[in-house]
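Observations on the three-dimensional arrangement
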Amino acid sequence: MPRLRPLLLGALAVLAACGERPKTPFDGEQAYRYIATQMNFGPRVPGSDGHRRMGEWLVDQMRERADSVIVQDWTHVTAAGDSLPMRNVLARFRPEIPGRVLYLAHWDTRPVSENSPDSARRLLPVPGANDGASGTAILLALADLFQKAPPAYGVDLLFVDGEDYGDFDADSGRGVDVFIGSRHFAANLPTPDYRPLFGVLWDMVGDEQLAIHQEAISVRRAPEVVARVWETAREMGYDEYFIPEVRYTVKDDHVPLLDRGLRVAVVIDIEYTCQGASCQPNYHHTQDDTIDKVSARSLQIVGDVAARLVMP
């Protein structure tokens, strides 16, 4: 047979892993490579060199792909008095269309690994292959797709900073120095009347053992968005991975946007685990959030759903 191009071979490898024909042109292998690129920057903790270099790269990537790009740069002063350089990146496709969809993911990583079983490693930054890089990789691969095949809607890809920096449980349960980027975006919308038709936050979506349950805040405050996502997954034959049951409540970047009146639901696999007797309970906020724990197959499944929601 004739030689197959490398990208086609990569696509076939994903399909073989999934055991099914392609459902969208989304490229899960490329999304996986985007995780590897992010990991090469090291931890993307606000204020670090890896964070600065990753932010510059992200802006460059979007300027090459999107119709327009808005960069929000500001300094966040933490509860401890530290000044952190922050950056949100909003990449817009078909900006002339009033009916828009907002997709977002956080691109920063956590400065501490407080859930690591080894106490000596708890003050080290989280590598962030899944928690940070996977949602960002989905958006990057979608940008590749939209550049070649414009979406049916106007689509805004929002990369938010500072989701994972501080204390999620402080300040009467609302958190201190977390959701920094989404709070900033909610206070500084592209236009005062900015109201997307719907929005989806993609977070921790690369887990090799993918099982995405519905999240309680999303179900309560944006039920029509949850229904749209899970029904699309069911129609695509992905109901094994998008499980239509509420299993957890997650405080995440969707909350500040919901508070601003935007209809946004989170897609997250918070139970970030492996299988087998030797597995630790959860890789979330540990030193084990590394690239060997994520897969192109999971990225393909999630990316297919994300693409189908907005493609013609």
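The structure this text deals with has already been given above.
A brief structural summary. The structure displayed is predicted, hence computed values, not measured ones.

**Here's the deal with the sheet that holds strand β2 (residues 83–93)**
- Strand order in the open sheet formed by six strands is β1-β2-β4-β3-β5-β8, with mixed pairing between adjacent strands. Because the sheet does not close on itself, it has two edges, and the strands there are β1 (68–77) and β8 (264–268). Ignoring strand direction, the axes of neighbouring strands in this sheet form an average angle of 20°.
- Taken together, the five bridges between β2 and strand β4 (residues 154–160) define a ladder with antiparallel strand orientation. When the sheet's bridge partners are listed, Ala91 is paired in β4 with Leu157.

**Quick look at the packing of aromatic side chains**
- Inspection of every chain in the model, using the stated rule, returns 10 aromatic pairs.
- Ring geometry for Tyr153 versus Phe198: centroids 6.4 Å apart, planes at 85°, classification edge-to-face. With Tyr153 in the loop between α4 (133–148) and β4 and Phe198 in strand β5 (residues 198–203), this pair connects stretches of sequence that are 45 residues apart.
- On the basis of relative accessibility, which here comes to 26%, the residue Tyr153 falls in the partly exposed class.
- With a centroid separation of 6.2 Å and an interplanar angle of 65°, the aromatic rings of Tyr238 and Tyr241 are classed as edge-to-face. With respect to burial, Tyr238 and Tyr241 carry one shared label: buried.

**Some remarks on the environment of Ser116**
- Summarising the element assignment, Ser116 is placed in the loop between β3 (100–106) and α4.
- Since its relative accessible area comes to 3%, Ser116 is described here as buried.
- Along the backbone, Ser116 and Tyr283 are 167 residues apart, and their C-alpha atoms lie at a distance of 7.8 Å.
- Setting aside its immediate chain neighbours within four residues, Ser116 contacts Arg121, Arg122, His285, Thr286 and Gln287.

**Quick notes on unusual backbone geometry**
- Unusually for a residue other than glycine, Arg94 sits at a positive phi of about 55°.
- When you line up the elements, Arg94 lands in the loop between β2 and β3.
- Positive phi outside glycine occurs at His285, with the angle close to 55°.
- Tracing the backbone through its elements, the reader meets His285 in the loop between β8 and α9 (296–308).

**Focus on the pairing of β5**
- With respect to burial, β5 is a largely interior element, six of its six residues being buried.
- Going residue by residue along β5, you find Phe198, Val200 and Trp202 tucked away on one face and Gly199, Leu201 and Asp203 tucked away on the opposite face as well.
- Inspection of the sheet shows β3 paired to β5 by four bridges, in the parallel sense. For Tyr103, the partnering residue across the bridge sits in β5 and is Val200.

What counts, and at which threshold
- Think of each chain on its own: its residues are numbered from 1, step by step along the sequence as written.
- Owing to the predicted nature of the model, reporting of local features is limited to residues with pLDDT of at least 70; listing and counting of side-chain atom pairs is limited to 80 or more, with chain, interface and lining totals taken over all residues.
- Side-chain calculation: all heavy atoms of the structure are included, whereas hydrogens and water are not.
- For two strands to be treated as a pair, DSSP must find no fewer than two bridges joining them.
- For the purposes of this entry, the term helix denotes a DSSP run of H or I that reaches at least four residues, the term strand denotes a run of E that reaches at least two, and both are numbered from the N terminus.
- Helix axes use the C-alpha atoms of the stretch in contact, all axes being lines fitted to C-alpha atoms, and the angles between their N-to-C directions lie in the range 0 to 180 degrees.
- Any pair of Phe, Tyr and Trp rings, taking the six-membered ring for Trp, is counted once the centres come within 6.5 Å. Such a pair is stacked with planes under 30 degrees apart, edge-to-face with planes over 60 apart, and tilted for the rest.
- Partly exposed residues are those whose accessible area sits between 20% and 50% of the maximum for their type, while under 20% is buried and over 50% is exposed, using a 1.4 Å probe and protein chains only.
- Residue contacts follow a heavy-atom distance rule, with two residues in contact if any of their heavy atoms lie within 4.5 Å.

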